[in-house]
Amino acid sequence: ISPDGGRVALVLATGDSSQIYVGTIVRNGGQVSVNNLLPISPQGVYVTDVAWNDQFKLFATGHDTIIGDGDQVYEVQCDGSDWTPRGHEGLPGAPTSVTAASGAQVVVSTSSSIYEQQGVSWHALLNGESLGTNPVYLE
């Protein structure tokens, strides 16, 4: 759910395809629904996870099935523009889960460890091996 609580980003997978969809959260009395779900990730990118950074920016994990550039962390605007690989240098394996928050480092998990991006490379969280999966920022 976006920081403003008005939108949701989710990953929908079907067979060998997986994309990020962004939609509007609609609250009506006790009912909540999601409207206008639209795909924002490029064709040929298989997405495994997505997280909001701020009201306009998302981070995702996945890989480009066309280029074959390996598992990556991507940065993207919520409308799908500026799809940018953030690299995987320093990660011991494929990034499987991502969390982000405005003003904080992007954090990913690999098979059993958690890493944060510092500059162009990834380093173990807290400058040592940080065991764990599925990192989350609490705001």
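Above this text sits the structure in question.
Residues numbered from 1 in each chain as written. Predicted model: local features only at pLDDT ≥ 70, side-chain atom pairs only at ≥ 80, totals over all residues. Heavy atoms only, no water.

### Section: the pattern of salt bridges
The test is simple: A pair is scored as a salt bridge if a Lys or Arg side-chain nitrogen falls within 4 Å of a carboxyl oxygen belonging to Asp or Glu. Segments assigned H or I by DSSP are reported as helices when at least four residues long, segments assigned E as strands when at least two residues long, and all are numbered from the N terminus.
Applying the stated criterion to the full structure yields three salt bridges. In this structure, lysine 57 and glutamate 75 form a salt bridge, with 3.3 Å as the shortest nitrogen-oxygen distance. Remark: glutamate 75 occurs in strand β6 (residues 71-77) and lysine 57 occurs in strand β5 (residues 57-64); sequence separation between them is 18 residues. Across the salt bridge formed by glutamate 75 and arginine 86, the nearest N and O atoms sit 2.6 Å from each other. Separated by eleven residues along the polypeptide, glutamate 75 in strand β6 and arginine 86 in the loop between β7 (84-85) and β8 (97-99) bring together distant segments of the chain. The structure contains a network of salt bridges with shared partners spanning Lys57, Glu75 and Arg86.

### As for the pairing of β5
Residues in a regular strand project their side chains so that they alternate between the two faces of the sheet. Basically, it comes down to this: Burial status follows relative accessibility: with a 1.4 Å probe on protein chains alone, a residue under 20% of its type maximum counts as buried, one over 50% as exposed, and anything between as partly exposed. Criterion used throughout: strands pair if DSSP finds at least two bridges between them.
Among the eight residues of β5, six are classified as buried, and the element is accordingly described as predominantly covered. Between strand β4 (residues 45-52) and β5, which pair antiparallel one after the other, the connecting turn spans four residues.

### Side note on the side chain of serine 109
Cut-off, in case you're wondering: Whether two residues are in contact is decided by their heavy atoms: any pair within 4.5 Å suffices.
Take serine 109: it is sitting in strand β9 (residues 107-109). If sequence neighbours within four positions are ignored, serine 109 has contacts with Ala94, Pro95, Thr96, Ser97, Ile114, Gly132, Thr133, Asn134 and Pro135.

### Here's the deal with the sheet that holds β4
Spatially, β4-β5-β6-β7 is the arrangement adopted by the four strands of the open sheet, whose pairing is antiparallel. Since the sheet does not close on itself, it has two edges, and those belong to β4 and β7, each with one partner. When β4 meets β5, the two strands line up antiparallel, connected through seven bridges. Each bridged residue has a counterpart across the sheet, and for valine 50 the counterpart in β5 is alanine 60.

### Some remarks on the sheet that holds strand β2 (residues 17-28)
As a reminder of what qualifies: Here an angle of 0 to 180 degrees is reported between the N-to-C directions of two axes, which are lines fitted to C-alpha atoms, with helices fitted over the stretch in contact.
Spatially, three strands are ordered β1-β2-β3 in an open sheet, and the strand pairing comes out antiparallel. Two strands in the sheet have a free side with no partner beyond their single neighbour: β1 (7-14) and β3 (31-39). Each strand axis lies, on average, 35 degrees off the axis of its neighbour in the sheet, ignoring direction.

### Some points on the side chain of serine 18
How we decide: Whenever a nitrogen or oxygen atom comes within 3.5 Å of another N or O atom, the pair is scored as a polar contact, on the condition that within protein one atom can donate a hydrogen and the other can accept it, and that pairs from neighbouring residues in sequence are kept only if both atoms are in side chains.
Looking at the element boundaries, serine 18 is found in strand β2. Residue serine 18 is classed as buried on the basis of its relative accessible area of 2%. In this structure the side chain of serine 18 is engaged in a polar contact, spanning 2.4 Å, whose partner is the backbone oxygen of valine 47. Setting aside chain neighbours within four positions, we find serine 18 in contact with Val11, Leu12, Ala13, Val45, Tyr46 and Val47.

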